Amino acid sequence: MASLTTKVQASDEIMIMRVSDYQQDQKLLLDSESRFKLPEAIVTAINHEIPLTFKTEIRLLEKNQRLGFDYDRTRVSIEYQTHLYVEGVNQRYFLYNSRNLKTQSFTTLESALLTLGTLQSFPIINLAELHPKQHYTLKMRISLDHWQLPAPLLMESLFKSHWQLDSGWFEVDIQTPGSWL
Amino acid sequence: MSSKFWRFLKQYGWITLISGALLILLVIMSQILQNASSFADTYSTLLFTTFGGVGVLLFVLFKALWGLRLQRKRNVPGSKITIRLTTIATLMLGIPIAIIFYFSLTFIQQGINQWFDVKTETALKNASALVRTSLDNKTRDMLNLTLAAVKDKSQSLAISPIIEVSKLRTLLNAQEVALYHSNQQLIAFSSAEISDALPLAPGDNLFQQIRQKKTYAAIETHQDPGSEGQFIRVIIPFSDLDLSGNYALQVLFPIPSNMTQLAESVAIAAGQYKELSYLKGPLTASFILILSMVLLLTLVTAVLFTIQAVQNFTRPIRTLARGTKAVSEGDYSVKMSIKNNDEFGDLTQSFNDMIQRISKARTDIKIGHQQTEVQKLYLQAVIKNLTSGVLTLDMNLRIRTTNDAAQQILNTDLASHIGERLDEWIKHERNTHLNELFANITPMFKQGATPWNFQQEFVCKKGQKILMIHGSTLPSIDKKIGGYVIVIDDVTEMVQAQLNAAWSDVARRLAHEIKNPLTPIQLSAERLNYKLHTKLDAEDQSLLARMTNTIIEQVSTMQTLVQAFSDYADTPKVLLQQTDINRLITDIAEMYRSPSATWKVTVDLAQECPLILADSARLRQLLHNLIKNAIEATVNTILPRIKITTLCQDSENITLRICDNGPGIPEESQNWIFEPYASDKPKGTGLGLAIVRKIVEEHHGKITLNSSQNEGTCFIITFPVISSENEGPK
């Protein structure tokens, strides 16, 4: 499926590399890859067993027009959190997904971040709910939810830039195929 | 009690409420910080709520301080003491708070530093390593055990997997054994738990590892919500040459719960220690922030309480100040409310009583003053309407009051000289005629309180007057003499009347005593001349004739004089009748027009003059006397002129003017010209003008004289027009 992509980058620490959509079993699915390049201070915090919470936001917008004005109607809004934490005893990194309530363990931080940044066959919406002749935009954003940090870190996270991890919105224009009909 | 409570709640309640709530929030925040992760999501809410609350309190404090500044600028009572006490309280609180803050900072830093030491850290690291080593060893043991079993049973597993899987689970004392095909298809499995319908399948990544002929052994945690604890997963790939198949045997070994618990406790302790060691800096900063907030809150609350308390304390002062200001502006109706039963309440009550008494006294004074004013106005009205002149002087002989009569009698302006000293007022050029009078009055003031009076003749431009002066002192509260009062009566008319009466009496007696013998004297003189004329020689006849003529002439003169006396003394009843005064004047003037006369009599009569009620005979005499007087006055004038005019300017009076062009009457003679025997002419009875004045007075008229040196003399007579219906003057 052909798609137009627009990249809105907010910081280099989290970079959404690719977002692609495709259809399967009358569903719109999403694959994406993101690269994490966490600052040393954050890595240190992780290794000191400071749990981090990443927020993933996915939105499907439908372009509409009313009374001559263009506006975007949000058709789908998905938001979930992924907790990244370490167990020092067995020196393993864990990812807990609040959407599917599953935990995955990793021996290295890089592998955990790779998994965190990878989405495969992520269901967005049933095709029956979309209009083939409408124009749709898929937006994705990954950010560190610093409000979920331990209380003592809250003030620091508000005023220090290395805690401001945000990929910004990554937008993809979906070209609607006639086969949806 | 109830009202005091509500008042307290109203004044201090909101400060207490906000401060209390903020303190509770700060306590919760400190607890959250100590537990690090617990309630962390609410920490931000509490933090910003606290910031907001402290901001509100700071705003309120700033507003209160700004209000105090404005009050200080406006000099609001109590503002200075409020600022002073607030400053003192702030210093008294601020210094201890600063000291406490310093020591608390030290204690926080020392306390947090004491949480961490090298031994504990090393011990926790070692414990973690021990647990990890122990678990690794167990995992390795399980892997080796499974590898040995697979080596022995690989063929039988491929042939009869169900039986062998079950035997193998028993042999290995495993929790679960499952045999998979390399394509992830489950071939057989055996579980210690009967309820388990399916094995705990390995993930796709593990199957990928199996296909690469790699073994897998790791400790994993149950992810199912119902399952607890950890287990060891071992996956061994193997191939069966006979069946040409690739298989994977998965064995799950349970880890003893005591080992798991110990490992978890070590993991938790090590994890918390690591977390806290990382959070050491932020935690210290957060505790310092909370401490700062608590102390700031305490200081702000204390200052706000102080301001409110001092303002409450100074409220009665403000109330009293408002009251005194109102009183100073003349408002004595102010009554201040008393809210406290303390000394300030007593003071306010005393002030209210004092104002009430002052107000009452003021009202009494006002009423008294009004009564005095009324009395004064009454007296002024009485004095103003008195025919007697009244003049009051103060102790320093300054003119205090006067009335119109005084001005009229003294023929001067007194009203515009109120407050002027008497001696200075006398010195004015227009008051020279008063010098003699006040030269006699001034010494009388030295007589003290004894009333005095005297009569004095007074000469001014309006004529000669006879004044009766009465004097006395005025009372004073603190002094014996408060001033002087002079009452001046013009008794000229009264004295004149007395003189007229005396003259009339003299004239009557003269007429009576002299008139009767005159005729026999005259007849005797004529008879004597007649009888002796023929008996004497010529020389004696001539002498006799001269002497008898002299007697007869003198008797005739005396008869004329006696007749004049009689006319003056007699007051015959005036017979009023409608009289055309113009015609009367014309008739009489005609009598004095003679070709041989050296004078010229002219008339200028107003034709519109009405008839008047008058005695024509008496008017005739009046005209004769005045014309004769004018002729005699112009005897030395080259072209004597006598002009008689009438004026009827209004319907109430007729003015008659008889003017001559004689030398005029000297100013000093004008005062007594109408007096009997006042004539300075060699001839005449001296009663002509006196009779004229008498006739004028009989007709209720008024006569005035207008004369100046070398410009002639005018007698101006004003007669009232008397209606026929009412014969009295209008």
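Here's a quick rundown of the structure. (Residues numbered from 1 in each chain as written. Chains lettered and ligands numbered in written order. Predicted model: local features only at pLDDT ≥ 70, side-chain atom pairs only at ≥ 80, totals over all residues.)

A short note on the interface of chain A and chain B
The interface is formed by 19 residues belonging to chain A together with 30 residues belonging to chain B. Counting residues per element, the ones that place at least two in the side of chain A that touches chain B are strand E7 (102–106) and helix H3 (151–159) of chain A. Of the residues forming the side of chain A that touches chain B, the biggest block, 6 residues, is contributed by H3(A). Partitioning the side of chain A that touches chain B into residue classes produces 10 nonpolar, 5 polar and 4 charged. (Contact = placed C-beta atoms within 7 Å. Helix = DSSP H or I, 4+ residues; strand = E, 2+ residues; numbered from the N terminus. Nonpolar A, V, L, I, M, F, W, Y, C, P; charged D, E, K, R; others polar.)

Quick word on the sheet that holds strand E3 (residues 27–36) of chain A
Residues and elements named next belong to chain A. Here 3 strands make up an open sheet; going across it, the order is E2-E3-E8 and the pairing antiparallel. Of all strands in the sheet, those bounded by a partner on one side alone are strand E2 (14–24) and strand E8 (118–126). Pairwise comparison of adjacent strand axes, ignoring direction, gives a mean angle of 25° for this sheet. In this sheet, E3 lies alongside E2 in antiparallel orientation, the contact comprising 10 bridges. Within E3, the residue paired with Asp 21 across the bridge is Leu 30. (Pairing = 2+ DSSP bridges. Axes fitted to C-alpha atoms, helices over the stretch in contact; angles between N-to-C directions.)

With respect to the packing of helix H4 (residues 118–159) of chain B against helix H5 (residues 161–172) of chain B
Residues and elements named next belong to chain B. Put simply, H4 and H5 touch, their axes get as near as 10 Å, and they point 160° apart. On the basis of the axis angle, H4 is roughly antiparallel to H5. Crossing angle aside, the handedness with which H4 passes H5 is right-handed. Residues Leu 145, Thr 146, Ala 149, Lys 153, Ser 156, Leu 157 and Ala 158 of H4 form the contact with H5, whose participating residues are Pro 161, Glu 164, Leu 168, Leu 171 and Leu 172. When its residues are assigned to classes, the contact of H4 with H5 shows 8 nonpolar, 2 polar and 2 charged. (Parallel < 35°, antiparallel > 145°, perpendicular 65-115°, else oblique. Left-handed = near helix turned anticlockwise from the far one by under 90°.)

A short note on unusual backbone geometry
Of note, the phi angle at Ser121(A) is positive, near 50°, even though the residue is not glycine. Relative to the elements of secondary structure, Ser121(A) occurs in strand E8. The backbone of Asn411(B) shows a phi angle near 55°, a positive value even though the residue is not glycine.

Overview of the packing of H4(B) against helix H7 (residues 257–278) of chain B
All names here are of chain B. The interhelical angle for the contact between H4 and H7, taken along N-to-C directions, is 140°, at an axis separation of 9 Å. Between H4 and H7 the crossing geometry is left-handed. On H7, the residues touching Thr 120, Glu 121, Leu 124, Ala 127, Ser 128, Val 131 and Leu 135 of H4 are Ala 263, Val 266, Ala 269, Ala 270 and Tyr 273. Classifying every residue of the contact of H4 with H7 gives 9 nonpolar, 2 polar and 1 charged.

A word on the environment of Ala269(B)
Tracing the chain through its elements places Ala269(B) in helix H7. Expressed as a C-alpha distance, the spacing of Ala269(B) and Ala127(B), which sit 142 residues apart in the sequence, is 9.9 Å.

Regarding helix H8 (residues 280–328) of chain B
An α-helical turn contains 3.6 residues, so a residue and the one three or four places further along point in the same direction. Taking 1.5 Å of rise per residue, the 49 residues of H8(B) would be expected to cover 72 Å, and the 69 Å separating its terminal C-alpha atoms lies within 8% of that figure. Positive phi appears at Gly330(B), one or two residues downstream of H8(B), with a value of about 95°. (Expected span 1.5 Å × (residues − 1).)

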